[in-house]
Amino acid sequence: MERLGTGIGWRPEIADAVERMPGIDWVEAVAENVCPGHLAESLVRLRERGVTVIPHGVSLGLGGAERPDAGRLAALAERVQALGAPLVTEHIAFVRAGGPLTASPRLEAGHLLPVPRTRDALDVLCENVRIAQDALPVPLAVENIAALISWPGEEMTEGQFLYELADRTGVRLLIDVANLHTNHVNRGEDPAKALAELPLEAIAYVHVAGGFERDGVWHDSHAHAVPQPVLDILTDLASRVTPPGVLLERDENFPEPGELERELGAIRGALEKGAVEREATERRASAEGAALGGPASAERSSWGSRPRETPRAAQVPRETPTRDGASSAEAASEAAGLEGASPEAVPAAGAAERARTESTPPKAPPAATTHPAETAVDTPPRDGTVRAEAVTDPARQRLALAQASLLSALVAGTPVPEGFDRVRLGVQARALAGKRADVVAKVAPELPVILGNGYRRAFLGYSHGHPMTDGYRRDALDFAGYLLAGGRLEDARVRAELQEWWLERSGPKPRSRRPGVRLARATRRVLLRR
């Protein structure tokens, strides 16, 4: 994997500061905010200086029940090419639900929601990742997300889930250590255990960000300084492997540039501390090996890291083929970015599988234990290639129903699905509504100006009974139409301003401001009143 170095998330609000910051090797830009035909001048200047720019997608929904939308994939590929990026990243999450698979209205979350760590979800995710890999011109890396809620009946830990995903698809991993901390506080998961189970050789780069805790719940806000526990997890990771790149994320509440530079300094310090620990561990292992008269690193990963546990889900060798018909051991070697890697460079399960499959053609893995009557997923056809639609439709439908039920409870007020924590779902629902109000205020900044202090209260009231079914710009128009149609605005001046705003943006193109056209519109309004 290409070494990236230290980077920061590029945002328009801090673009000038980022350009002036010393020691910035690369930046990451939200893909959906990049216009391929009209790149921001700041991004153009950074690229001209040789600074790598990586697009970071948020809307594919690779963890959703439906296959990735071809239009969204094409748009992401276009941004990759416009930025000349060596890599593109997305999330292990679902962002929408409903639609044909559930015969229900499509709902948008407006947020990254966790995927259940089950065999069904993993099978669907693997196929979706392969589809995305085939459509994108550069390697794909996917990110672990932060979660406020837990799915009932999960079958794997986060580390096991990520291990199998990388092993079966060859996809890179973007590890967010702040999200590991979030899941520690909110879900009781051990970050060290997750790191011990990860395929470290598949890491593309690392995210670091801040958040805050309220009433025992950690909110991954990207609007606060990076706390010490997150830096400690970064140090733990760096004690196991040298990450190819580390990036500081900040999405709002931007501090002075000097504060961001101090945070970057703290990140570099955490990496250096971890590197010292790793070197000390390697020296001890080497000394022990010499004392025993043999190598002490046989169980180490290909990066020379400390010994890593083999996840329970990976202890039984799998013969799952990759999308190119290669064994999962070969996929793991590819994920390590090492040509001609030795067997020690491949995770234990993959190495065992390769030894067994060199003399025999690959065969289908056993069906998921929870649904023994179904055909196994990822079964290759006789020519050795993998079909684009290898996942069973029943698995997708089960996942679709579960995700639609959860999202409907969060944004439409339907009953909480069985097994979920009602209190925690309430926290998540309020967080989604609040974020929705904040993002609509960003994409339509005139609305808070027109409505004044009443904007947030009015929007939250609207959101309770009106789930988002499209993007945020459509949501802003629907909110304005809701206020106008219901006669909910008593102030005539506010009503007139909002109506003018809505008319200006709801048509196929902005209304003409030529004096003659404006006079005709005013005359029509007078005649209609008569």
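The preceding data block contains the structure.
Residues numbered from 1 in each chain as written. Predicted model: local features only at pLDDT ≥ 70, side-chain atom pairs only at ≥ 80, totals over all residues. Heavy atoms only, no water.

## Quick notes on the overall build of the protein
Of regular secondary structure, the protein possesses 18 helices and twelve strands. With 530 residues in all, the protein has 52% of them scored as buried. In the protein, the proportion of contacts linking residues at least 24 apart, taken out of those at least 6 apart, comes to 75%. (Helix = DSSP H or I, 4+ residues; strand = E, 2+ residues; numbered from the N terminus. Buried < 20%, exposed > 50% of the residue type's maximum accessible area, 1.4 Å probe, protein only. Contact = heavy atoms within 4.5 Å.)

## Describing the pairing of strand β7 (residues 140-143)
Two faces, one strand: in a regular strand the side chains alternate between the faces of the sheet. Where burial is concerned, the two faces of β7 agree: the one with Leu-140 and Val-142 and the one with Ala-141 and Glu-143 are both buried. Both strand β4 (residues 88-91) and β7 contribute to a ladder of four bridges, which runs parallel. By the bridge assignment for β7, Thr-89 is matched with Ala-141. Pairing analysis gives three bridges linking β7 to strand β8 (residues 172-176), with the strands arranged parallel. Pairing of Ala-141 across the sheet is with Arg-172, part of β8. Following the backbone out of β7, through helix α5 (residues 158-169) and into the adjacent parallel β8, one traces a crossover that is right-handed. (Pairing = 2+ DSSP bridges. Right-handed = clockwise from strand over helix to strand, strands pointing away.)

## Considering the pattern of salt bridges
Within this structure, the stated rule accounts for 23 salt bridges. Across the pair Arg-117 and Glu-189 runs a salt bridge whose closest N-O atoms are separated by 2.8 Å. Separated by 72 residues along the polypeptide, Arg-117 in the loop between β6 (104-113) and α4 (119-135) and Glu-189 in the loop between α6 (177-187) and α7 (191-197) bring together distant segments of the chain. (Salt bridge = Lys/Arg side-chain N within 4 Å of Asp/Glu carboxyl O.)

## Observations concerning the packing of aromatic side chains
Applying the stated criterion to the full structure yields eight aromatic pairs. Judged by centre distance (5.2 Å) and plane angle (65 degrees), the rings of Trp-151 and Phe-420 are edge-to-face. Taken together, the residues span a long stretch of sequence, with Trp-151 in the loop between β7 and α5 and Phe-420 in the loop between α12 (393-411) and α13 (422-443) at a distance of 269 residues. Ring centres of Tyr-462 and Phe-479 lie 5.3 Å apart, and the angle between their planes is 50 degrees; this geometry places the pair in the tilted category. With Tyr-462 in helix α15 (residues 455-465) and Phe-479 in helix α16 (residues 472-485), this pair connects stretches of sequence that are 17 residues apart. Overall, the relative accessible area of 2% leaves Tyr-462 in the buried class. What makes Phe-479 buried here is its relative accessible area of 0%. Taking NZ or CZ as reference, Arg-488 lies 3.9 Å from the ring centre of Tyr-482, over its face. (Phe/Tyr/Trp six-rings, centres within 6.5 Å; stacked < 30°, edge-to-face > 60°. Lys NZ or Arg CZ within 6 Å of the ring centre and 35° of its normal.)

## Looking at the nonpolar core
Ranked by size, the top nonpolar core spans 79 residues in total, and within it Val-27, Leu-140, Leu-165, Val-208 and Leu-234 carry the most contacts. At eight residues, α4 tops the list of elements feeding residues into this core. Ala-476, Phe-479, Ala-480 and Val-494 belong to the second-largest nonpolar core, a separate cluster that totals 22 residues. (Core = buried A, V, L, I, M, F, W, Y, C linked by side-chain atoms within 4.5 Å.)

## Quick notes on helix α8 (residues 228-238)
The buried fraction of α8 is high, at eight of eleven residues. Every buried residue of α8 is listed here: Val-230, Leu-231, Ile-233, Leu-234, Thr-235, Asp-236, Leu-237 and Ala-238. Packing partners of the buried residues in α8 comprise α6, α7, β9 (203-208), β12 (245-248) and α9 (257-292).

## Some points on unusual backbone geometry
Backbone phi values are negative for most residues with the exception of glycine, while trans is the configuration of most peptide bonds. In this structure, His-222 is a non-glycine residue whose phi angle is positive, near 55 degrees. Structurally, His-222 can be placed in the loop between β11 (217-219) and α8. Positive phi is not limited to glycine here, since Asn-253 has a value of about 55 degrees. Along the polypeptide, Asn-253 turns up in the loop between β12 and α9.

## Details of the side chain of Gln-403
Among the structural elements, Gln-403 can be located in helix α12. Polar contacts involving the side chain of Gln-403 include one to the main-chain carbonyl oxygen of Gly-63, which spans 3.0 Å. Apart from residues no more than four positions distant in its own chain, Gln-403 is found in contact with Gly-63, Gly-64, Ala-65, Phe-94, Ala-97, Pro-116 and Trp-151. (Polar contact = N/O pair within 3.5 Å; in protein donor to acceptor, adjacent residues only side chain to side chain.)

## With respect to the environment of Ala-409
With respect to the secondary-structure elements, Ala-409 resides in helix α12. Given a relative accessible area of 14%, Ala-409 falls into the buried group. Leaving out residues up to four positions away in the same chain, Ala-409 has contacts with Thr-414, Pro-415, Val-416, Pro-417 and Leu-425.

## Digging into α13
Spanning 22 residues, α13 covers 31 Å between terminal C-alpha atoms, matching the ideal 32 Å at 1.5 Å per step. The N-terminus of α13 is capped by Asp-421, whose side-chain oxygen sits 2.9 Å from the backbone nitrogen of Val-423. (Expected span 1.5 Å × (residues − 1).)

## Here's the deal with the environment of Gly-61
With respect to the secondary-structure elements, Gly-61 resides in the loop between β3 (52-56) and α3 (70-83). On the basis of relative accessibility, which here comes to 12%, the residue Gly-61 falls in the buried class. Between the C-alpha atom of Gly-61 and that of Glu-90, which follows or precedes it by 29 residues, the distance is 8.4 Å.

## Description of the packing of α4 against α12
In helix packing, the relevant descriptors are the interaxial angle and the interaxial distance, both defined with respect to the helix axes. For the pair α4 and α12, the least separation of the axes is 9 Å and the interaxial angle reads 110 degrees. When the axes of α4 and α12 are compared, the pair comes out roughly perpendicular. Note on element contacts: α12 touches α4 through Ala-395, Arg-396, Arg-398 and Leu-399, opposite Asp-120, Ala-121, Val-124, Glu-127 and Asn-128. Counted by class, the contact of α4 with α12 contains four nonpolar, one polar and four charged residues. (Axes fitted to C-alpha atoms, helices over the stretch in contact; angles between N-to-C directions. Parallel < 35°, antiparallel > 145°, perpendicular 65-115°, else oblique. Nonpolar A, V, L, I, M, F, W, Y, C, P; charged D, E, K, R; others polar.)

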